[in-house]
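# Overview (structure and organization)
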Amino acid sequence: MCSIGLACGVAVAFASPVEAEWVDTGSAGEVRQLYDAVWRRVDPSVGWTGSTENCDPGSVGPDLIQQSIERINAYRSLAGVDASVRDDPALSAPAQAAAMLMSVNSALSHSPPPTWRCYSAQAATGAASSNLYLGLSGVGAIDGYMVDPGSNNTMVGHRWWILRPGTQRMGIGSTNNSQALWVTTTDHSQWSVRDPRGIIAWPPAGYIPTSLVPPRWSVMTHGIDMSAAEVTVRDAGGSVVPTVVEARSSDRIVFVPSDQRIGARRQLTSSGSTDFSVEVRTPTTTYAYVVRLLDTTIGSLNSLTPHRLVDTRSDLGLAGIMPHVRTSINVRTLGALPATATAIVANVTVVDPASAGFVSVTDCEFQSGTPTSSLNFAQGETRANLVAVPLSRTGDICVTSTSRADLLVDIAGYYSAQGQGYVPLTPARIADTRNAGVRVERDQPLVVQVAGQGGVPFGATSVTMNVTATEPVATGFLTVWPCDSPLPVVSNVNYVANQSVPNLATVRLDPSGRVCIHAEAAAHVIVDVAGYTHPEGRQFAPLTPARIADTRNAGVRVERDQPLVVQVAGQGGVPFGATSVTMNVTATEPVATGFLTVWPCDSPLPVVSNVNYVANQSVPNLATVRLDPSGRVCIHAEAAAHVIVDVAGYTLE
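As the structure is a computational prediction, the values presented were derived from the model and not from experiment.

## A look at the pairing of strand S26 (residues 476–482)
Across the seven residues that make up S26, a large majority, six, are buried. Sheet topology note: the S26/strand S27 (residues 493–495) ladder contains three bridges and is antiparallel. Each bridged residue has a counterpart across the sheet, and for leucine 478 the counterpart in S27 is valine 493. Sheet topology places S26 next to strand S29 (residues 514–519); five bridges connect them, and they run antiparallel. Counted as the bridge partner of leucine 478 is alanine 519 from S29.

## A few points about unusual backbone geometry
The linkage connecting tryptophan 202 with the following residue, proline 203, adopts the cis geometry, with an omega of 0 degrees. Phi at cysteine 55 takes a positive value of approximately 55 degrees, unusual for a residue other than glycine. By the secondary structure assignment, cysteine 55 is in the loop between helix H1 (28–38) and helix H2 (62–79). Judged by relative accessible area, cysteine 55 falls into the partly exposed class, the value being 30%. Positive phi outside glycine occurs at aspartate 352, with the angle close to 50 degrees. Note on placement: aspartate 352 falls in the loop between strand S17 (343–351) and strand S18 (357–362). On the basis of relative accessibility, which here comes to 51%, the residue aspartate 352 falls in the exposed class.

## Thoughts on the sheet that holds strand S11 (residues 243–248)
The strand order across the open sheet formed by four strands is S6-S8-S12-S11, and the pairing between neighbours is antiparallel. The sheet terminates laterally at strand S6 (200–202) and S11, the two strands that pair on one side only. When the angles between neighbouring strand axes are averaged without regard to direction, this sheet yields 15 degrees. Pairing geometry for S11 and strand S12 (residues 252–257), over five bridges, is antiparallel. Within S12, the residue paired with alanine 247 across the bridge is valine 254.

## Topic: the state of the cysteines
Throughout the structure, instances matching the rule amount to three disulfides. The disulfide that involves cysteine 55 links it to cysteine 118, with 2.0 Å between the sulfurs. Of note, the bridge from cysteine 55 to cysteine 118 carries an S-S torsion of about -65 degrees and is left-handed in sense. Linking cysteine 55 in the loop between H1 and H2 with cysteine 118 in the loop between helix H3 (89–105) and helix H4 (121–128), this pair joins segments that are 63 residues apart in sequence. Across a sulfur-sulfur distance of 2.1 Å, cysteine 601 and cysteine 634 are joined as a disulfide pair. Across the S-S bond of cysteine 601 and cysteine 634 the torsion is about 115 degrees, and the bridge reads as right-handed. With cysteine 601 in the loop between strand S34 (594–600) and strand S35 (611–613) and cysteine 634 in strand S37 (residues 632–637), the pair connects residues that are 33 residues apart, well separated along the chain. As far as the burial class goes, cysteine 601 and cysteine 634 line up, both buried.

## Section: the packing of aromatic side chains
Enumeration over the complete set of coordinates arrives at six aromatic pairs. Taking the centre distance of 5.6 Å and the plane angle of 55 degrees together, the rings of tyrosine 133 and tyrosine 145 count as tilted. Of the two residues, tyrosine 133 sits in strand S3 (residues 130–134) while tyrosine 145 sits in helix H5 (residues 140–147), which places them 12 residues apart along the sequence. Residue tyrosine 133 is classed as buried on the basis of its relative accessible area, which comes to 1%. Among the aromatic residues, those joined into a ring-pair cluster are Tyr35, Trp39, Tyr75 and Trp202.

Thresholds applied
Residues numbered from 1 in each chain as written. Predicted model: local features only at pLDDT ≥ 70, side-chain atom pairs only at ≥ 80, totals over all residues. Heavy atoms only, no water. Buried < 20%, exposed > 50% of the residue type's maximum accessible area, 1.4 Å probe, protein only. Helix = DSSP H or I, 4+ residues; strand = E, 2+ residues; numbered from the N terminus. Pairing = 2+ DSSP bridges. Axes fitted to C-alpha atoms, helices over the stretch in contact; angles between N-to-C directions. Disulfide = S-S within 2.5 Å. Phe/Tyr/Trp six-rings, centres within 6.5 Å; stacked < 30°, edge-to-face > 60°.

Okay, here's the thing in structure tokens:
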């Protein structure tokens, strides 16, 4: 039986389902096209209709089933296996019952005992014939099976069943935290694979997106005994890469190359790929192939001195926005950004909305299946939030508001192939004016020495930090900017008297490693660093926003002593192997005044805050957080509140 958060497997024009034709992995363009169509889109919500309380297996939405099958066929196509698997409702029904059973009992078993709560013969049949996952659900579980993490999965059995040649039918079941994939059909009539030697390698020969490369590599065969096989992996220069063989059997070998460009996906070459040659030797044959890692990240950060692109109050950049109308803004032109810019970091502010609601800021070329909010607001208030959003091919972003309101957009930077990589940190507080008892006054900006504090080194070029205004004496705003530039006409945090308001800011550091903070009305200021950019940092991949957690679905708020654990990797387009996540975190329906803290689950709870709220208020804030080794973050609520999490991007090392 496997652990919670791991999978347990049985023994041993691309927008539509990929059919039997294999993608040409010798073509970087074809591989990118498949990746963009299948992995860059927003995963659909699970849409589970069942109940663990009533032992009701329920069902899932048709979009989830369709995209799960498409993800399976895309993996099979890359691996050179016939890619024509279809969903069979007769198999999905017991798989759905099995997924519910695992969720109810918070355990995984292919032979669940009748003493388990909600046990049924149908669920037991589904469990015996399915890959099982607890801790991931929906389409993301398919990625989890292909990674096959955990000490119980050294034979990569889940991957084998996903890629088994000849399979025509599978069944899909899912709850909000579990998944069952019926895989043990008997309709595989022949071993039909692309490689003439009958070999299935993962990662395969040819180009493969870096985010799909797992730590465990495997070669599976038909009719070739691999029980005594040896393997050698070499880099592009011919040097041997230290490699550990984790498992061998009559039909497969599983090995882990330790080169940091593979395991940590770092230091990709200027051509966007890194080649690794693999040679597998048995007593009777040798199989050699080359894996070409294909960089699918969007790029590195180029920090700018903040400046305003849009202010609908004066028709700057945009005359206005209408409720429920998707409005495009060409930020590439407004910001004089280079044609190579692929995404932006900007502060978006809503001013004087006619009613309570939210604003969604997205890539114009993608539609989200589940509505996501970039910024929540109450009637008449001024509210800001940082966003990281991909640009369309023409350099646009799209904005949709549920209410008539004025809109401000202040750009802080952009992503491109050239720039500085991002280094995530465990959040750390580096400034709090309450300690000295002196507020930041209008004509006396606060100078914060960032470099040398909180893990930010000298040599960092910009910082991502949560800036909180607290105990202000009147309505005003904070502006954060590099101290070697004049005070820009932008705002980062908007507040009224006696209110605590945080917002994430990404700011270029001056040559001394400092930022300055202006307060339009006197207020105390708190600064918590979350990460920095550096020439040796990671590349960032923005995503079309996708909702991966909403405690309102289960009706249980996050309590003070019961942090919410969010499995990020494997959901919303965030791959296993991601090192940090950028996500919008919203506190809603809180019972009292409090705050949320978001941090990697493998570290102690830090003394920082990400979202501040009062009773019955909905407050969002963007957070950039390092992921723990299992791809998780934890969220603490100082006062009980519902929590919503929408992912916006990630970094790969």
